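# Coordinate analysis (summary)
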Amino acid sequence: MSEPIKTYLSQLQQNLRAGNATEHTHRAALQTLLQALGKGIQATNEPRHRTDCGAPDMAILRTRGHLAIGHLEAKDIGVSLGDVQKTNQLKRYRKYLPNLILTDYIHFRWYVNGEQWGEASVGTADPATGRIRSSPAQQEQVVKLLGAFLEQGPQPINKPRALAERLARLTHMIRDIVVQAHAAGQVSPILHDLRQVLADNLIPDLLNDERTAQFADLYAQTLTYGLFAARAHQAHVGGRFNLHEAAREIPRTNPLLRQLFNAITGPDFDDEPYAGFVSEIVAVLQNTAIEEILEDFGRAQVRQDPILHFYETFLATYDPEVRERRGVYYTPEPVVRYIVRSVDHLLKTQFKITDGLADRETITYKPAHEHGHPDLQLPTAHRTLILDPAAGTGTFLYEVVETIRETFRRKRRGGIWNDYVHDHLLPRIFGFELLMAPYAMAHLKLGMQLAGQDLPPAEQNLLRYGFETDDRLQVYLTNTLEQVEQHTQAALGPMQRAISEEARQARRVKRELPILVVLGNPPYSGISSNQGEWIDGLLKGTLPDGTSTASYYHVDGKPLGERKLWLQDDYVKFIRWAQWRLEQTGQGIPRLVE
């Protein structure tokens, strides 16, 4: 009998003979056994408040690099592992935890990528007497199984697909634990306050019970993509990557994500039930060759956007149903390029704007919802304001910037590029996105593009924009099809201020600025997830405030009379919104994929 097994069995029998043992009583013995069998590992016994919310009982880490080797779920001695295996909890663990042990401390089942790879038993236990009968052969089988489990550790990542899949699984675990925390009535002040302020400023019905999963999605992706954005930025400045330094590494061009991440990862974060999985994400990113992940960004011979495909891989692993529910589909690059360049052509030929998308002229305008004194001075804005109302990962806005930059490259005007971006580009391009992951990726991609990271080395110094501390990319986290009113809140904290300011800026673009171009690829979903009162009223001809508008349900004043109307498809709603938005300006170009 090996000494670690001997010590383990002795401790189990001692616990049983005390007469008050539970599944938690034996964890210390199992923790000691695992650390004795594996070299350079640390078995972390999660606190009860975490496991009560759906976290597995133990995480097994490499002491060097803190990469997770696997996870372990323990039940009390005598509990049927076959019954446990059928539970939703174990099905979820097997789906998202690639290396997992299920045990009742006597019997052990090992799962790799959801499939059972082995089973062993150290003996049989008699809880009445506290005696465990065990043979050397049984002990040897357990040692072999646990040894193989501990040798299954992850390797450092240098491929985008591997990173996206790893992050997706960990993000899904965070999401499910947040859902379980709500179900168990163990919601922390961080989660409570964030959900409230999001309901006040972004998603009006987010407090409804059926929206808990949507909130959990947004929250989990905020953590993951905040860390990813921080790691991508940190790669260029060096230093060790960790959770509590991550907020300052998120680019200032995305103030919402930066401030939000800083607020939710404060001093009490370690008490959150999902904190262990966030630590795993940090370790994965720290051990990722992030430069290799991003090295194809902007390469001329790589026509498929690596940022977009990273997100698509993430989404396919994280929750493929989101793609159908939210109508998330890839737009081929030739289609994007054609639409953007056709807009440039129309601006030059039909609107007589000589520089097209590169226009820098300004105008005075009357805000569509301004009912102030007629003698007040009218505000000024750029003439050619461009909006993608379903920005996704920023594909269309990226092509807009590339088209403008190509104009400067062709005319050899790179020397004024930096001033142009600050004065005439950043103030003119806008994007709306509701999902946190593509929102964060759009900011990352556009920031990298403007910093010249997609250019050949010879052109980078000439066409690299040096972001100033108050610059931001005007891609906003918002639901295009909702008109959420401003909520006045006393004594706003940093998190509330960040979200409230994001909502205020998005409302300004939706309702006031003279947007001239609306372009992009809206989501396609016949069973729309956007069932808000405002967009429904816009389709049917009467807004919630009583304002009359054109109805898509009537032609020449008469009902369409069709039994099946696909007017509730998301893409139809976005087309109607684009039409309405340009009507507020009085003119414009709608160029949406249909």
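Keep in mind the model is a prediction, meaning the values are calculated, not measured.

## Examining the overall build of the protein
When you go through the protein residue by residue, the secondary structure sums to 23 helices and 17 strands. Taken against the 2.2 N^0.38 rule, which gives 25 Å for 594 residues, the C-alpha radius of gyration of the protein at 28 Å falls within 12% of a compact globule. C-alpha extents for the protein along the principal axes are approximately 90 × 60 × 45 Å. The buried share among the 594 residues of the protein stands at 54%. Counting 66 positive and 71 negative side-chain charges, the protein places the centres of these two groups 3 Å from one another.

## Some thoughts on the sheet that holds strand β2 (residues 58-62)
Spatial ordering of the open sheet is given by β1-β2-β3-β4-β5-β6, a layout of 6 strands whose pairing is mixed. Only two strands of the sheet have a single neighbouring strand rather than two, namely β1 (41-45) and β6 (115-121). Here the strands of the sheet are splayed against their neighbours by 20° on average, with no regard to which way each runs. In terms of strand pairing, β2 meets strand β3 (residues 68-74) through 4 bridges, oriented antiparallel. Along β3, the bridge assignment pairs M58 with L72.

## Section: the pattern of salt bridges
Taken as a whole, this structure holds 23 salt bridges when the rule is applied. In this structure, a network of salt bridges that share partners links the residues E402, R405, E406, R409, D454 and E459.

## Quick notes on the packing of aromatic side chains
According to the stated counting rule, one finds 14 aromatic pairs in the structure shown. Ring centres of F215 and Y219 lie 6.1 Å apart, and the angle between their planes is 25°; on these two criteria the pair is classed as stacked. Here the residue F215 and the residue Y219 both occupy positions in helix α9 (residues 212-234), the gap between them amounting to 4 residues, near one helical turn. By the burial criterion, F215 is buried, and Y219 matches it. An angle of 25° between the planes, with centres 6.0 Å apart, marks the rings of W417 and Y420 as stacked. In this pair, W417 and Y420 are both assigned in helix α18 (residues 417-425), 3 residues apart and thus about one turn of the helix distant. A relative accessible area of 0% places W417 in the buried class. By relative accessible area, Y420 is classed as buried at 2%. By way of ring pairs, the aromatic residues Y225, F228, F310, F314 and Y318 are connected into one cluster.

## Notes on the packing of α9 against helix α12 (residues 275-286)
The contact between α9 and α12 brings their axes to 10 Å, and the two run at 25°. Taken together, α9 and α12 sit at an angle that is classed as roughly parallel. At the point where α9 passes α12, the crossing takes the right-handed sense. Contacts between α9 and α12 involve L223, T224, L227, F228 and R231 from the first element and V278, I281, V282, L285 and Q286 from the second. Here the residues of the contact of α9 with α12 sort into 7 nonpolar, 2 polar and 1 charged.

## Points about α18
Each full turn of the α-helix corresponds to 3.6 residues, which orients residues three or four apart in the same direction. Every buried residue of α18 is accounted for by W417, Y420, V421, H424 and L425. Looking straight down α18, one finds that the buried residues subtend no more than 115° of arc, so they occupy a single side.

## Thoughts on the confidence of the model for the protein
Where the model shows low pLDDT, its predicted coordinates should not be examined in detail. With 90% of its residues at a pLDDT of 70 or more, the protein has an overall mean of 86. Here helix α15 (residues 320-326) stands out as the element of the protein with the lowest mean pLDDT, 65, in contrast to strand β11 (residues 386-388), whose mean of 98 is the highest.

## Some words on unusual backbone geometry
In this structure, Y105 is a non-glycine residue whose phi angle is positive, near 80°. Relative to the helices and strands, Y105 is located in the loop between β4 (99-103) and β5 (107-112). Within the chain, N113 stands out as a residue other than glycine whose phi angle is a positive 50°. Given a relative accessible area of 54%, N113 falls into the exposed group.

## Notes on the packing of α9 against helix α14 (residues 306-318)
Where α9 meets α14, the closest approach of the two axes is 14 Å, and the angle between their N-to-C directions is 140°. In terms of axis orientation, α9 runs oblique to α14. The crossing of α9 and α14 is right-handed. In contact with D217, Q221, T224, Y225 and F228 of α9, α14 contributes F310, Y311, F314 and Y318.

## Some words on a negative patch on the surface
There is a patch of like negative charges on the surface, built from D419, D423, E468 and D470. With respect to the helices, strands and loops of the structure, E468 is situated in the loop between α20 (457-460) and β13 (475-477). Look at E468 and you get partly exposed, because its relative accessible area is 40%.

## A few points about the pairing of strand β14 (residues 517-520)
Where burial is concerned, the two faces of β14 agree: the one with V517 and L519 and the one with V518 and G520 are both buried. Note that β11 and β14 share 2 bridges and pair parallel. Residue pairing for β14: I386 is matched across the bridge by V517. In this structure, β14 lies alongside strand β17 (residues 589-592), joined through 4 bridges in parallel fashion. Looking at β17, one finds that V517 is bridged to I589.

## Regarding the sheet that holds β11
The strand order across the open sheet built from 5 strands is β13-β12-β11-β14-β17, with neighbouring strands paired in parallel fashion. Each having just a single partner strand, β13 and β17 make up the two edges of the open sheet. Across the sheet, the mean angle from the axis of one strand to that of its neighbour is 20°, orientation sign disregarded. The strands touched by helix α21 (residues 494-511) within the sheet are β11, β12 (429-433) and β13, with β13 carrying the most contacts at an inclination of about 120°.

## Some remarks on the environment of Q584
Checked against the element boundaries, Q584 lands in helix α23 (residues 570-585). Between the C-alpha atoms of Q584 and R511, which are 73 residues apart in sequence, the distance is 7.9 Å. Polar side-chain contacts of Q584 include one of 2.9 Å to the backbone oxygen of W580.

About the criteria used
Just so you know, the residues in each chain are numbered from 1, in the order the chain's sequence is written. Residue-level local features of this predicted model are given only where pLDDT is at least 70; pairs of side-chain atoms are given and counted only at 80 or more, and the full residue set underlies all totals for whole chains, interfaces and linings. Values reported for side chains reflect all heavy atoms of the structure, with hydrogen atoms and water molecules removed beforehand. Runs of H or I in DSSP of at least four residues are treated as helices and runs of E of at least two as strands, each being numbered from the N terminus. Radius of gyration: C-alpha atoms only; globule rule: 2.2 Å multiplied by the number of residues to the exponent 0.38. Only protein chains enter the accessibility calculation, which uses a 1.4 Å probe. A residue is then buried if its area is under 20% of the maximum for its type, exposed if over 50%, and partly exposed in between. Positive: Lys, Arg. Negative: Asp, Glu. His and the chain ends are not part of the count. Taken as the charge location is NZ of Lys, CZ of Arg, CG of Asp or CD of Glu. Whether two strands pair comes down to DSSP finding at least two bridges between them. Angular values range over 0 to 180 degrees, each being the angle between N-to-C directions of two axes fitted as lines to C-alpha atoms, with helices fitted over their stretch in contact. The working definition used for a salt bridge is a side-chain nitrogen of Lys or Arg within 4 Å of a carboxyl oxygen of Asp or Glu. When the centres of two rings from Phe, Tyr and Trp lie within 6.5 Å, Trp using its six-membered ring, the rings pair. Their planes under 30 degrees apart give stacked, over 60 give edge-to-face, and anything left gives tilted. Note on angle classes: values under 35 degrees are labelled roughly parallel, values over 145 roughly antiparallel, values of 65 to 115 roughly perpendicular, and the remainder oblique. Handedness of each helix crossing follows the sense of rotation of the near helix against the far helix: counterclockwise by less than a right angle gives left-handed, clockwise gives right-handed. We call two residues in contact when some of their heavy atoms are within 4.5 Å. Here the term charged refers only to Asp, Glu, Lys and Arg, the term nonpolar to Ala, Val, Leu, Ile, Met, Phe, Trp, Tyr, Cys and Pro, and the term polar to all other amino acids, Gly among them. As used here, the arc belongs to the directions running from the helix axis to the C-beta atoms. pLDDT is defined as a per-residue confidence score from the predictor, taking values between 0 and 100. What makes a patch is a set of residues exposed beyond 30% relative accessible area and free of salt bridges, joined within 9 Å when like-charged and within 5 Å when nonpolar (Val, Leu, Ile, Met, Phe, Trp, Tyr). Here, Shrake-Rupley sampling with a 1.4 Å probe gives the accessible areas, and only protein chains in the shown set may cover a residue. Whenever two N or O atoms come within 3.5 Å, that pair is a polar contact, provided that in protein one can donate a hydrogen and the other can accept it, and provided that, for residues adjacent in sequence, both atoms are side-chain atoms.

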